[in-house]
Amino acid sequence: MRARHRRRTARRLLAAAATAALCALGLTAPASAATPPPGANDWSCKPDSAHPQPVVLVNGTFKTSYENWLTLAPALADAGYCVFTFEYGDLATAPVTDSAVELRDFVNAVLGATGARKVDLVGHSQGGMMPRYYVKFLGGATKVDDLVGIVPSNHGTTNPLALAAGATLCPSCVDQTAGSDFLQQLNADPETPVGPDYTAIATKYDQVVLPYTSSFLEGPASYVTNILLQDRCPLDLTEHDQAPKSALVRQWVLNALGRNGPADPAFVPRCLSAG
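What you see is a predicted model; the values in this text were computed from it and never measured.

Is there a simple way to think about the state of the cysteines in this case?
By definition, a disulfide is the covalent link that joins the sulfur atoms of two cysteine residues. Counted by the stated rule, this structure contains 3 disulfides. Covalently, Cys-170 is tied to Cys-173 through a disulfide, its sulfur atoms 2.2 Å apart. What sets the handedness of the Cys-170 and Cys-173 disulfide is the S-S torsion sign, and at about 70° it is right-handed. Like Cys-170, the residue Cys-173 is buried in the burial classification. For Cys-233, the disulfide goes to Cys-271, at an S-S distance of 2.0 Å. Judged by the torsion about the S-S bond (-85°), the Cys-233/Cys-271 disulfide is left-handed. Of this pair, Cys-233 sits in the loop between helix H10 (229-232) and helix H11 (247-257) while Cys-271 is found in the segment after H11, placing the two residues 38 residues apart along the sequence.

Printed below as a string of structure tokens:
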């Protein structure tokens, strides 16, 4: 137990160093891990017929739910969804396989509390990719209706900072490096197992998941939609860290959650801003 405590303490301290490195890309330090964002974690919330699946928001590496979902959580709650967030994997630095187990357990708790049969998952960066392990290997295919990834690291990144962060006790950073053993296992056929509908949202100005096309998934158009924000809004300048707070992204998320199947590739959002 003492050794485990020391490892966790070291991981938290060194994750802070990795976070500082990511700040060079314009990313911010995490908020308090104990604070859920507004609109989230009302455990008395019961889904209605118009919004039958509770939404679980899954934050990205070095992030807390509060920081990631300060904008989207209340927007989804205002739209009528039961919204839930959780913290996992020591600021999401633990091995992705371990974090997927935490997600499985949290989903089971949400289903138990709400009485729903399935959840919708919306995740940022690692949070958009990690749930795929839960779906593929941990029984999530029967419990997830929609999986919406916001700039997800589905095929990893060639960004050298991923390896640098991995050297500071961030196993998930190693897992998210393009070509890693983990990603080869995750993306082996079938890349998108039957069960959920998959929506992957990317921006060409992503400076973390490189190339940005690494976010996209392979699979039948009947249940897989890949979206590049600039295809509909060419002037949009959304970057990786901004994406969960983007009004444009929010429109795509609501479109995916509000219909049968993944996001409608013919959907025409309002280009509200250029960032």
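There is more to say after this.
Help me out: how do you make sense of the pattern of salt bridges in this one?
A side chain of one charge can pair with a side chain of the opposite charge if their charged atoms are brought near each other. Under the definition given, this model contains 3 salt bridges. Because the salt bridges share partners, they merge into one network encompassing Lys-63, Glu-67 and Asp-241.

Is there a simple way to explain helix H5 (residues 96-114) in this structure?
In an α-helix, one turn spans 3.6 residues, which is why side chains three or four residues apart end up on the same side. Its 19 residues give H5 an end-to-end C-alpha distance of 27 Å, which sits within 8% of 27 Å, the value for a rise of 1.5 Å per residue. Taken together, the buried positions of H5 are Val-96, Ser-99, Ala-100, Leu-103, Phe-106, Val-107, Val-110, Leu-111 and Thr-114. Buried residues of H5, viewed axially, fall in a sector of 140°; they line one side. Note on H5: the residue one or two positions beyond its end, Gly-115, has a positive phi of about 80°.

In this structure, what is going on with the nonpolar core? I would like to understand it.
Buried together is how nonpolar side chains tend to be arranged in soluble globular proteins. Grouped together as the largest cluster of nonpolar side chains are 33 residues, with contacts concentrated most on Val-56, Leu-103, Val-119 and Leu-121. Those elements that provide at least two residues to this core are strand E1 (55-58), H5, strand E3 (119-124), helix H6 (126-137), strand E4 (144-150) and helix H9 (181-186). Val-119 has contacts with Gln-53, Pro-54, Val-56, Val-107, Val-110, Leu-111, Lys-143, Val-144, Asp-145 and Asp-146, leaving out every residue within four places of it along the chain. Residues Val-55, Leu-72, Leu-76 and Ala-256 belong to the second largest nonpolar core, which totals 25 residues.

Procedures and definitions
- As a convention, each chain's residues are numbered from 1 in the sequence order in which they are written.
- Per-residue local features of the predicted model are confined to residues with pLDDT of at least 70, and side-chain atom pairs are confined, for both listing and counting, to 80 or more; whole-chain, interface and lining totals are unaffected and use all residues.
- Based on all heavy atoms of the structure, the side-chain values leave hydrogens and waters out of the count.
- Cysteine sulfur atoms that pair up within 2.5 Å are treated as a disulfide.
- Here the term buried applies to any residue with accessible area under 20% of the maximum for its type, exposed to any over 50%, and partly exposed to those in between, with areas from a 1.4 Å probe on protein chains only.
- Elements are defined by DSSP. Helices are runs of H or I of four residues or more, strands are runs of E of two residues or more, and each kind is numbered from the N terminus.
- Salt bridges are defined by distance alone: a side-chain nitrogen of Lys or Arg within 4 Å of a carboxyl oxygen of Asp or Glu.
- Between the first and last residue of a helix there are one fewer steps than residues, each counted as 1.5 Å, and that sum is the expected span.
- What the arc covers is the set of directions going from the helix axis to the C-beta atoms.
- Definition used in this section: a nonpolar core is a set of buried Ala, Val, Leu, Ile, Met, Phe, Trp, Tyr and Cys residues joined via side-chain atoms within 4.5 Å.
- Only heavy atoms enter the contact rule, under which two residues are in contact if any of them lie within 4.5 Å.

Interpretation in functional terms is not warranted from these geometric data alone.
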